[in-house]
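# Examination of the molecular architecture
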Amino acid sequence: QVRVVESGGGLVQAGGSLRLSCAASETIFSINVMGWYRQAPGKQRELVASINSGAGTNYADSVRGRFTISTDHPKNTVYLQMNSLKPEDTAVYYCRIRGRTGPGPLYDYWGQGTQVTVSS
């Protein structure tokens, strides 16, 4: 069973930075999406940033210019550099990798989430 594990969350003051990392326990092939999502208390999960094969990079309007997503495909790793953090960025951040580990359809692999808390 493939596990996707996030790391790098924590508590930071407004204006600070954090770098999230996400890695898969096994090689995932045919990856067509690697991305970060977040869910704040009482809110729905939302896209933060993603890299889509053939479609480039997407950012939520609220983070564009502050956050940067990057990937290391051979290592099945995706990063999220978060700068100029704001209290409204406080949420649980989830990693998503869409691909396959064998024959069959593509599958969405999700991590368990990492908490990011930004104090004012």
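Residues numbered from 1 in each chain as written. Predicted model: local features only at pLDDT ≥ 70, side-chain atom pairs only at ≥ 80, totals over all residues. Heavy atoms only, no water.

Looking now at the state of the cysteines. If you walk through the whole model with that rule in mind, you get one disulfide. A sulfur-sulfur distance of 2.0 Å marks the disulfide that ties C22 to C95. On the sign convention where negative means left-handed, the S-S torsion of about -75 degrees between C22 and C95 marks this disulfide as left-handed. Here C22 is found in strand β3 (residues 18–24), whereas its partner C95 is found in strand β9 (residues 91–100), with 73 residues between them in sequence. (Disulfide = S-S within 2.5 Å. Helix = DSSP H or I, 4+ residues; strand = E, 2+ residues; numbered from the N terminus.)

The nonpolar side chains of a soluble globular protein tend to be buried, and buried together. Core analysis: the largest hydrophobic core is formed by 29 residues, its most contacted members being W36, V48, F67, L80, M82, Y93 and I97. Of all the secondary-structure elements, those providing two or more residues to this core are β3, β4 (29–39), β5 (46–52), β7 (67–72), β8 (77–82), β9 and β11 (114–119). Residues contacting V48, with those up to four places away along its chain left out, are W36, Y37, R38, N58, Y59, A60, V63, F67, L80 and Y93. (Core = buried A, V, L, I, M, F, W, Y, C linked by side-chain atoms within 4.5 Å. Buried < 20%, exposed > 50% of the residue type's maximum accessible area, 1.4 Å probe, protein only. Contact = heavy atoms within 4.5 Å.)

To continue, consider the pattern of salt bridges. Under the counting rule described, the total for this entry stands at six salt bridges. D89 is the salt-bridge partner of R66, the closest N and O atoms lying 2.8 Å from each other. Taken together, the residues R66 in the loop between β6 (56–59) and β7 and D89 in the loop between β8 and β9 connect sequence positions 23 residues apart. Across this residue pair, the class does not change: R66 and D89 are buried. Note that D108 is salt-bridged to R96, the shortest N-O span being 2.8 Å. In this pair, D108 sits in strand β10 (residues 107–110) while R96 sits in strand β9, placing the two residues 12 residues apart along the sequence. (Salt bridge = Lys/Arg side-chain N within 4 Å of Asp/Glu carboxyl O.)

For the rest of this paragraph, the subject is unusual backbone geometry. In this model, S30 sits at a positive phi of 50 degrees, which is unusual for a non-glycine residue. Structurally, S30 is set in strand β4. Here S84, not a glycine, exhibits a phi torsion of approximately 50 degrees, which is positive. The topology assignment puts S84 in the loop between β8 and β9. On the accessibility criterion, S84 (41% relative accessible area) is partly exposed.

Nothing here speaks to function; it is all geometry.
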